[in-house]
Amino acid sequence: MFLTRFRVNTARAGARRLLSSPQRLHAAVMMSFAEPPPRDGSGPRVLWRLDSDTKAELLLYIVSPARPDLTHLVEQAGWPTSPAAGWKTYDYGGFLATLAEGDTWAFRLTANPVHSIRLRAGEQTKRTAHLTPRHQARWLLDRQLRAGFTIVEKSVESRLLPEGDEHELIVHKQRGLLFAKQEESSGKKNHVSLTTATYDGRLRITDPDALRRTLTSGLGKAKAYGCGLMTLAPVR
């Protein structure tokens, strides 16, 4: 497994075109591999996420079973004449092998928090987005054990609210995305609408194997559109 980081040059027209549609950016990411891995859930897949902690820097992270070649992204959305501004790829498999039960890590995840509802009796369920930070946080908390971790709980004296502030978890950067998706078979364009949220917090590993699957296969829906990639960092 590999973890790749690429800095996007948002001043370029090609970058702005890619950023305007998650489907376009997904296609550009997949073009980084001569033989993209299957997406049938049988193993690790290609995951990607955009991070922008500052206005001046937008980073694209990719986790993949094979090493990517981002030459086309550098030419379209990077700094082609600056050798130092390409991309960096790291051995992710070695890091994943070190994960152990009880370890504590800081994490970031951008996800598509949704649930299924039935408006009327007898009707099929409909996938609907969680829109409030409280419900979006609950979406992640409901999945933590199956994903191989628990989110660290705050001490009682450090909680600022009587309810909803029990965990070291921040939900932010909620975004509503609307873009056109072209069907490969018919060429017909459909509109896709989805809601994303970014989670920052601290977790404790409960099942290293399950967490490794989460980190390499993604968490939640809309993985093709930049959702589902969780990354870890040392706790400061």
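The coordinates are above.
Conventions adopted
Residues numbered from 1 in each chain as written. Predicted model: local features only at pLDDT ≥ 70, side-chain atom pairs only at ≥ 80, totals over all residues. Heavy atoms only, no water. Phe/Tyr/Trp six-rings, centres within 6.5 Å; stacked < 30°, edge-to-face > 60°. 1 Å grid on protein atoms, 1.4 Å probe; cavity = no way out; pocket = protein on both sides within 12 Å on 5 of 7 lines; lining within 4 Å. Points joined across faces, edges and corners; volume = space filled by probe spheres on them. Helix = DSSP H or I, 4+ residues; strand = E, 2+ residues; numbered from the N terminus. Nonpolar A, V, L, I, M, F, W, Y, C, P; charged D, E, K, R; others polar. Pairing = 2+ DSSP bridges. Axes fitted to C-alpha atoms, helices over the stretch in contact; angles between N-to-C directions. Contact = heavy atoms within 4.5 Å. Buried < 20%, exposed > 50% of the residue type's maximum accessible area, 1.4 Å probe, protein only.

Draft legend 1. Up close: the packing of aromatic side chains. In total, this model carries four aromatic pairs according to the counting rule given. Through a chain of ring-to-ring contacts, the aromatic side chains of Tyr92, Phe95 and Trp105 assemble into a single cluster.

Draft legend 2. Region of the structure containing the layout of surface pockets. Of the pockets and cavities examined, the second largest pocket occupies roughly 600 Å³. Looking at the lining of the second largest pocket, the elements that each hand over two or more residues are strand S1 (2-8), strand S2 (47-54), strand S3 (57-64), strand S5 (104-111), strand S10 (189-205) and strand S11 (230-233). With five residues, S2 is the single largest residue contributor to the lining of the second largest pocket. Counted by class, the lining of the second largest pocket contains ten nonpolar, four polar and nine charged residues.

Draft legend 3. Main features of the sheet that holds S1. Across the sheet, four strands lie side by side as S2-S3-S1-S4; this open sheet has antiparallel pairing. In this open sheet, the two strands that pair with only one neighbour each are S2 and strand S4 (87-91). Within this sheet the neighbouring strands show an average axis-to-axis angle of 20 degrees, counted without direction. Sheet analysis places S2 next to S3, joined by six bridges and oriented antiparallel. Looking across to S3, one finds that Arg49 is bridged to Tyr61. Helix H2 (residues 22-30) rests against S2 and S3 of the sheet, and its axis sits at about 115 degrees to S2.

Draft legend 4. Focus on the pairing of S3. Extensive coverage of S3 is indicated by the burial of seven of its eight residues. Connecting S2 to the antiparallel partner S3 that follows it, the hairpin turn spans two residues.

Draft legend 5. Local environment of empty space enclosed by the protein. On inspection of all chains with the given rule, the structure shows one cavity of 30 Å³ or more. If you add up the space inside the largest cavity, you get close to 50 Å³. Lining the largest cavity we find Phe6, Val8, Ala15, Leu18, Leu19, Leu25, Leu50, Leu60, Leu73 and Ala77. Broken down by secondary-structure element, the contributors of at least two residues to the lining of the largest cavity are S1, helix H1 (13-19) and helix H3 (71-77). In terms of residue count, the dominant contributor to the lining of the largest cavity is H1 (three residues).

Read these as layout, nothing more, since geometry by itself doesn't imply function.
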